[in-house]
Amino acid sequence: MIKTNKDFKSDIDCLANNIYNFYLDTLKENNYRIFAKDVNFKLDEVDEYELNAFKKCFNVYLKTDAQFRKTKHIKSDCLSVSLPDFYNNYYTVNFIVYKDRYSEHGKKYLDDVFNLFVKNIEHRVKNKEKINKGE
């Protein structure tokens, strides 16, 4: 499941919370499926297929703790996703931003990251609507 923590220690935590809120609002409007294959029945919550597809789409910004330790990026504690692996063991991916780009560009970089998430999610929703209409 996606978890968020409301304690904002930095602008990165605020960005992670904004992405979380936008993604969940869009999921609720689209039967909890945006990145994963559509289903014919109504879903009541986000499932592992959608979360895995979300992680694959944004793998640059979602890293496990082991991947994070190898880099010098900045991790946000406000957005983490627990995912099952092949053996049904859960691992957690956290939202990160690149430290060098953030120190160089500041809030402009964070705005670009948020816009990237928004554009990608809206593009997927638009494509799903086209497929469902049969165009």
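The shown structure was predicted, so the numbers you read here are calculated from the model rather than taken from an experiment. (Residues numbered from 1 in each chain as written. Predicted model: local features only at pLDDT ≥ 70, side-chain atom pairs only at ≥ 80, totals over all residues. Heavy atoms only, no water.)

A look at the pairing of strand β3 (residues 74–84)
In terms of residue burial, β3 counts as a mostly covered element, since eight of its 11 residues are buried. In this structure, β3 lies alongside strand β4 (residues 90–97), joined through seven bridges in antiparallel fashion. When the bridges of β4 are listed, S82 appears paired with T92. Hairpin geometry of β3 and β4 is characterised by an intervening segment of five residues between the two adjacent antiparallel strands and by a positive phi of about 65° at N88. (Buried < 20%, exposed > 50% of the residue type's maximum accessible area, 1.4 Å probe, protein only. Helix = DSSP H or I, 4+ residues; strand = E, 2+ residues; numbered from the N terminus. Pairing = 2+ DSSP bridges.)

Observations regarding the confidence of the model for the protein
Segments scoring low in pLDDT should not have their predicted coordinates read at a detailed level. Chain-level pLDDT for the protein is 87 on average; 92% of the residues reach the 70-or-more range. Within the protein, helix α4 (residues 99–105) carries the highest mean pLDDT (93), whereas strand β1 (residues 2–4) carries the lowest (51). (pLDDT = per-residue confidence, 0-100.)

As for the packing of aromatic side chains
What characterises a pair of aromatic rings is the spacing of the ring centres plus the angle enclosed by the ring planes. All told, the structure shown has 12 aromatic pairs when counted by the stated rule. Summarising the aromatic geometry, the rings of F54 and F117 are spaced 6.4 Å apart at their centres and angled 50° between planes, so their arrangement reads as tilted. Separated by 63 residues along the polypeptide, F54 in helix α2 (residues 48–57) and F117 in helix α5 (residues 107–133) bring together distant segments of the chain. Summarising the burial analysis for this pair, F54 and F117 share the class buried. Geometry around Y98 places R101 over its ring, the cationic atom sitting 4.7 Å from the centre. (Phe/Tyr/Trp six-rings, centres within 6.5 Å; stacked < 30°, edge-to-face > 60°. Lys NZ or Arg CZ within 6 Å of the ring centre and 35° of its normal.)

Things to note about the nonpolar core
Membership of the largest hydrophobic core comes to 34 residues, with the highest contact counts inside it found for F35, F95 and F117. Looking at this core, the elements with two or more residues in it are α1 (11–29), α2, β3, β4 and α5. It is α1 that contributes the most residues to this core, eight residues altogether. Among residues more than four places away in sequence, those in contact with F35 are Y23, E50, A53, F54, C57, F58, N120, I121, R124 and K128. (Core = buried A, V, L, I, M, F, W, Y, C linked by side-chain atoms within 4.5 Å. Contact = heavy atoms within 4.5 Å.)

Comments concerning the state of the cysteines
Counting across every chain of the model gives zero disulfides. Free cysteine C78: the closest other cysteine sulfur is in C14, separated by 8.4 Å. (Disulfide = S-S within 2.5 Å.)

Side note on unusual backbone geometry
Not every positive phi belongs to a glycine, and N31 is a case in point at roughly 60°. Considering the arrangement of structural elements, one finds N31 in the loop between α1 and α2.

Comments concerning the pattern of salt bridges
Across all of its chains, the model carries five salt bridges by this definition. The residue K128 makes a salt bridge to D38 at a minimum N-O spacing of 3.9 Å. In this pair, K128 is assigned in helix α5 and D38 in the loop between α1 and α2, connecting sequence segments 90 residues apart. (Salt bridge = Lys/Arg side-chain N within 4 Å of Asp/Glu carboxyl O.)

Focus: the pairing of β4
Taken residue by residue, a regular strand's side chains alternate between the two faces of the sheet. In this structure, strand β2 (residues 62–64) lies alongside β4, joined through three bridges in antiparallel fashion. Looking across to β4, one finds that K63 is bridged to N94.

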